[in-house]
Amino acid sequence: MDSLATALGRSPDAKLLVLSVDQLGSTHAATAGGFTALRDGAATTGTVMMPGPWSRYAADVCLAEGDGTLDLGVHLTLNSQLDGYRGGPHTAAPSLLDGDGGFPRTVDDLWDHADLDEVRRECRAQLERARSWGFDVTHLATHLG
């Protein structure tokens with residue numbers, strides 16, 4: 001099997017730098033800035049935070065401008081640390097909600113209360129929504145670990 005460097009047409013010992021825009025869909029600024037970085041070549045890949053309020057906009061931009069060439073993954077999200085934005089699950093998942101009705105704020109709180117089957121269903125729902133909106137999902141990343 002070829003190394004990634006070789007598969008990309010580089011020498012096997014080449015050093016590669018991959019710059020990723022993170023959390024597309026989380027805010028308008030993150031989404032607009034992320035697509036600018038991808039368009040301008042400052043970044044080569046990115047991830048979309050599907051529970052984010054701007055995720056549908058990210059899908060629309062991707063379909064309108066991406067012509068299928070954007071390397072985008074799903075930023076699997078099970079917690080929401082921001083005071084001003086309390087995102088929550090796509091699925092019925094009581095163990096993934098904190099006292100404020102959003103995702104838990106910390107990873108520790110998430111894992112202290114999360115039901116593994118609910119985690120699995122929520123991650124699958126985020127991935128399936130991305131695919132149904134037209135993303136050609138190339139990879140997965142996690143939010144806050």
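Values in this document were obtained by computation on a predicted structure and should not be read as measured data.

Draft legend 1. Region of interest: the side chain of Ser26. Its place among the elements puts Ser26 in the loop between strand S1 (20-24) and helix H2 (28-40). For Ser26, a relative accessible area of 11% puts it in the buried group. Reaching out from Ser26, the side chain makes a polar contact with the backbone oxygen of Gln23 at a distance of 2.8 Å.

Draft legend 2. How the structure looks around the packing of H2 against helix H3 (residues 55-65). Relative to each other, H2 and H3 sit at 20°, their axes nearing to 10 Å. Here H2 lies roughly parallel to H3, going by the angle between them. Taken as a pair, H2 and H3 cross one another with a handedness that is right-handed. Residues His28, Thr31, Phe35 and Arg39 of H2 lie in contact with H3, whose contacting residues are Tyr57, Ala58, Val61, Cys62 and Glu65.

Draft legend 3. Representation of the pattern of salt bridges. Taken as a whole and assessed by the stated rule, the structure comprises 5 salt bridges. In this structure, the salt-bridge partner of Asp98 is Arg86, at a minimum N-O distance of 2.6 Å. Of this pair, Asp98 sits in the loop between strand S3 (72-76) and helix H4 (107-113) while Arg86 sits in the loop between S3 and H4, and the two are 12 residues apart along the sequence. Overall, Arg86 belongs to the partly exposed group, its relative accessible area being 22%. Ionic pairing is found between Asp117 and Arg120, a salt bridge with its closest N-O pair at 2.8 Å.

Draft legend 4. A look at the pairing of S1. Pairing of S1 with strand S2 (residues 45-48) involves 3 bridges; the strand directions are parallel. Bridge pairing links Leu24 to Val48 in S2. Viewed along the sheet, the connection from S1 through H2 into S2 turns out right-handed.

Parameters and conventions
Residues numbered from 1 in each chain as written. Predicted model: local features only at pLDDT ≥ 70, side-chain atom pairs only at ≥ 80, totals over all residues. Heavy atoms only, no water. Helix = DSSP H or I, 4+ residues; strand = E, 2+ residues; numbered from the N terminus. Buried < 20%, exposed > 50% of the residue type's maximum accessible area, 1.4 Å probe, protein only. Polar contact = N/O pair within 3.5 Å; in protein donor to acceptor, adjacent residues only side chain to side chain. Axes fitted to C-alpha atoms, helices over the stretch in contact; angles between N-to-C directions. Parallel < 35°, antiparallel > 145°, perpendicular 65-115°, else oblique. Left-handed = near helix turned anticlockwise from the far one by under 90°. Contact = heavy atoms within 4.5 Å. Salt bridge = Lys/Arg side-chain N within 4 Å of Asp/Glu carboxyl O. Pairing = 2+ DSSP bridges. Right-handed = clockwise from strand over helix to strand, strands pointing away.

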